[in-house]
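Given next are the chains, with one letter for each unit.
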Amino acid sequence: MEDTTKGIIERIAIRFPKPTRIPTGQVCSVFYDCFQLAPNELARLAADAVGHLDHDAFDMVLGIAYSGILFGAAVAGGRKVVILQKDGRIFGPDLRGHRVVVVDDVVQMGARMRSAATQVEEEGGIVVGFACIIDRSKGTFDGGSDKNAEKRPLWSAFQTDME
């Protein structure tokens, strides 16, 4: 990882003096506050996560509320962005027939990502992969779903465990 990316990740890391329960209910000693990221940093992290993909690898991005939306816009790179709101409703263009990347800021176990993928498929979209800023799943994230049993990739800018 480049020093610039490492510096960005370090800047948003909040270190607790002792293990603390975070909003997901898990306990860890480091929390990543992705709301602190500036647009240029989001663009940098998006390039780190999905910059290797061909431009035609996907048609649109579904950003999971809240900071998944901000990162989703960076990942989209000018493509359409659809929002999965906190109330579970999808807001934005029609997903039918479009290849979609599901985006969130941090992945711990991937439940929100899998749920979002199911919703995309129910709306007629085709999930080609997932993207996040920080992957804390230790490689256990399974990008499969009921309709699409094969695993789909999880691209990330930074990988770490729960500490």
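Residues numbered from 1 in each chain as written. Predicted model: local features only at pLDDT ≥ 70, side-chain atom pairs only at ≥ 80, totals over all residues. Heavy atoms only, no water.

### Here's the deal with the overall build of the protein
Inclusion rule: Secondary structure elements follow DSSP: runs of H or I of four or more residues count as helices, runs of E of two or more count as strands, with numbering from the N terminus. We take the radius of gyration over the C-alpha atoms and set the globule estimate at 2.2 Å times the residue count to the 0.38 power.
Along its length, the protein carries four helices and eight strands. Mapped in sequence order, the helices and strands of the protein form the string α-β-β-α-β-α-β-β-β-α-β-β. On C-alpha atoms alone, the protein measures out to a radius of gyration of 15 Å, which is about the 15 Å that the 2.2 N^0.38 rule sets for 163 residues. Considering only C-alpha atoms, the protein reaches an extent of 45 × 30 × 25 Å along its principal axes.

### Quick notes on the packing of helix α1 (residues 3–12) against helix α2 (residues 39–50)
Applied cut-off: Where helices are involved, their axes are fitted lines through C-alpha atoms of the stretch in contact, as for all axes, and angles between N-to-C directions lie from 0 to 180°. Any angle that is under 35 degrees is reported as roughly parallel, and any over 145 degrees as roughly antiparallel; angles of 65 to 115 degrees are reported as roughly perpendicular and all others as oblique. Helix crossings are classified by the rotation of the near helix relative to the far one: an anticlockwise turn of less than a right angle makes the crossing left-handed, while a clockwise turn makes it right-handed. A contact between two residues is defined here by any heavy atoms of the two lying within 4.5 Å. Under this grouping Gly is polar, as are all residues other than the nonpolar Ala, Val, Leu, Ile, Met, Phe, Trp, Tyr, Cys and Pro and the charged Asp, Glu, Lys and Arg.
Taken N-terminus to C-terminus, the directions of α1 and α2 make an angle of 120°; their axes are 11 Å apart at the nearest point. One element, α1, and the other, α2, form an angle in the oblique class. With respect to the hand of their crossing, α1 and α2 are arranged in left-handed fashion. Residue-level inspection shows T4, T5, I8, I9 and R11 of α1 in contact with α2, the latter providing E41, R44, L45 and D48. Residue composition of the contact of α1 with α2, grouped by class: three nonpolar, two polar and four charged.

### Some thoughts on the sheet that holds strand β3 (residues 60–64)
The following threshold applies: A strand pair is defined by DSSP finding two or more bridges across the two strands.
Taken in spatial order, the six strands of this open sheet run β5-β4-β3-β6-β7-β8, and their pairing is mixed. In this open sheet, the two strands that pair with only one neighbour each are β5 (90–91) and β8 (154–159). The sheet contact formed by strand β4 (residues 80–84) and β5 spans two bridges and is antiparallel. Bridge assignment links L84 to a residue of β5, and that residue is I90.

### Considerations on the packing of aromatic side chains
Let me state the cut-off plainly: For this analysis, a ring pair means two rings from Phe, Tyr or Trp (six-membered ring only for Trp) whose centres lie within 6.5 Å, classed as stacked if their planes differ by under 30 degrees, edge-to-face if by over 60, and tilted for the remaining angles. Between buried and exposed lies partly exposed: a residue is buried under 20% and exposed over 50% of the maximum accessible area for its type, with that area taken using a 1.4 Å probe on protein chains only. Consider the ring centre and the ring normal. A charge sits over the ring if Lys NZ or Arg CZ is within 6 Å of that centre and within 35 degrees of that normal.
As enumerated under the stated definition, the model contains two aromatic pairs in all. With a centroid separation of 6.3 Å and an interplanar angle of 65°, the aromatic rings of Y32 and F158 are classed as edge-to-face. Residue Y32 is found in strand β2 (residues 27–32), and its partner F158 is found in strand β8; the two are separated by 126 residues along the sequence. With a relative accessible area of 15%, F158 lands in the buried category. Between the aromatic rings of F130 and F141, the centroid separation amounts to 5.0 Å while the plane-to-plane angle is 80°, which identifies the pairing as edge-to-face. Here F130, found in strand β7 (residues 126–135), pairs with F141, found in the loop between β7 and β8; they are eleven residues apart in sequence, far enough to count as distant. The positively charged end of R79 is found above the aromatic ring belonging to F58, 3.9 Å away from the centroid.

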